[in-house]
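The residues making up each chain are set out below.
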Amino acid sequence: MRTPIIAGNWKMFKTAAEATAFVEAVKGKAEVGGVESVICAPFTALPALVEAVKGTTIRVGAQNFHWEESGAFTGEISGVMLQDLGVKYVIIGHSERRAYFAETDETVNKKTKAAFQYDLIPIVCVGEKLEEREAGRTKEVCKVQTDAALEGLTAEQAAKVVIAYEPIWAIGTGKSSTAEDANEVIGYIREQVAAKFGDSTAQAVRIQYGGSVKPANVKEFMSQSDIDGALVGGASLEPNSYIQLVEGA
Ligand code: PEP
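Going by the annotation in an unreviewed UniProt entry, the name recorded for the chain is Triosephosphate isomerase, with Xylanibacillus composti given as the source organism. Per UniProt, the chain has the following entry under Subunit (unreviewed entry): "Homodimer." The chain has a UniProt comment under Subcellular location (unreviewed entry) that states "Cytoplasm".

Following this line, the structure appears as structure tokens:
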């Protein structure tokens, strides 16, 4: 059985004080047995967040990092720095980073491999653009991105990766995929993991759906056989909404 995982992606929202206030509001509520709850915050809020979640089951994630441990990389943050803070997860290859910050399949792979050196669980994002979907290329795009991201991992590492299937046209637009369509693509991604690492790894790997998930539709996605959780942007920013997302999982 795969443990469902709800991850909030706060993007470039919330100061340290706002992050602390958020945790105070969701403590004991966004904590449901059998569901993992992870908040991925901007770097500057991470120390406060790690402190605030102490004694809760909520975990903290970053939204990016550099694969090198240290060096002349102005403005970057490394895995060892996140580990030092007590961060447990890191989003890799979010479509906003691919679109605006030159993230490529190659850098996604470097970061995915590096995450394991620092005990960080990678949440690797894959997903098609609207024109790719309209051209019937959804599965092909997801296969290429998934294969590239997981290249060079051991089966044991691959089993720990969380993959987030996020159709780009559904992110922040209010338009979500249907639960059935998302389940079909996620089932296909799982088949690609099986082809690369074997069935037991594919059965262990958790694959989330992301793209305009909210309290009103989270249960529908979660009722699908292959969907193991959600990566949620906008609807993760408000405490009551976040609580309902975790409860809905
Ligand atoms: C995201 O940022 O990964 C995301 C899915 O955003 P939203 O839920 O706002 O569509």
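(A) Just the nonpolar core, in detail. Counting residues in each nonpolar core, the largest one holds 65 residues, and the members touching the most others are Ile163, Tyr209 and Tyr242. In terms of residues, this core owes the most to one element, helix 9 (residues 179-197), which gives seven residues. Excluding residues within four positions of it along the chain, Ile163 makes contact with Val124, Val126, Thr146, Leu150, Ile189, Val193, Val205, Arg206, Ile207 and Gln208. Ile5, Tyr89, Ile123 and Cys125 belong to the second largest nonpolar core, which has eleven residues in total.

(B) Summary view of the pairing of strand 6 (residues 162-165). With burial as the criterion, each face of strand 6 is covered, one bearing Val162 and Ala164 and the other bearing Ile163 and Tyr165. Bridging between strand 5 (residues 121-126) and strand 6 involves four bridges; their strand directions are parallel. When the bridges of strand 6 are listed, Val126 appears paired with Tyr165.

(C) Geometry of the UniProt feature "binding site: substrate" (unreviewed entry) in the chain. Feature annotation in UniProt assigns "binding site: substrate" (unreviewed entry) to the following positions: Asn9, Trp10, Lys11, Gly172, Ser212, Gly233 and Gly234. A maximum C-alpha distance of 13.9 Å places the annotated residues, which cover 226 residues in sequence, within one compact spot. Within the secondary structure, Lys11 is located in the loop between strand 1 (5-9) and helix 1 (16-26). If we skip the residues at most four places from it in the chain, Lys11 touches Pro42, Gln63, His94, Glu96, Ile171 and Gly233. Tracing the chain through its elements places Ser212 in the loop between strand 7 (206-210) and helix 11 (218-222). The exposure class of Ser212 is buried, given its relative accessible area of 16%. Setting aside chain neighbours within four positions, we find Ser212 in contact with Ala170, Gly172, Thr173, Gly174, Lys175, Ser176 and Asn217. Side-chain polar atoms of Ser212 contact the backbone nitrogen of Gly174, separated by 2.8 Å.

(D) A look at the sheet that holds strand 4 (residues 89-92). If you walk around this closed barrel you meet the eight strands as 1-2-3-4-5-6-7-8, and the pairing is parallel. Taken over all neighbouring pairs, the strand axes of this sheet differ in orientation by 25 degrees on average, direction set aside. Examined bridge by bridge, strand 6 and strand 7 share four bridges and lie parallel to one another. Paired with Tyr165 across the bridge in strand 7 is Tyr209.

Quick notes on the rules
Residues numbered from 1 in each chain as written. Predicted model: local features only at pLDDT ≥ 70, side-chain atom pairs only at ≥ 80, totals over all residues. Heavy atoms only, no water. UniProt positions renumbered as here; feature names shortened; annotations may be inferred. Core = buried A, V, L, I, M, F, W, Y, C linked by side-chain atoms within 4.5 Å. Buried < 20%, exposed > 50% of the residue type's maximum accessible area, 1.4 Å probe, protein only. Helix = DSSP H or I, 4+ residues; strand = E, 2+ residues; numbered from the N terminus. Contact = heavy atoms within 4.5 Å. Pairing = 2+ DSSP bridges. Polar contact = N/O pair within 3.5 Å; in protein donor to acceptor, adjacent residues only side chain to side chain. Axes fitted to C-alpha atoms, helices over the stretch in contact; angles between N-to-C directions.

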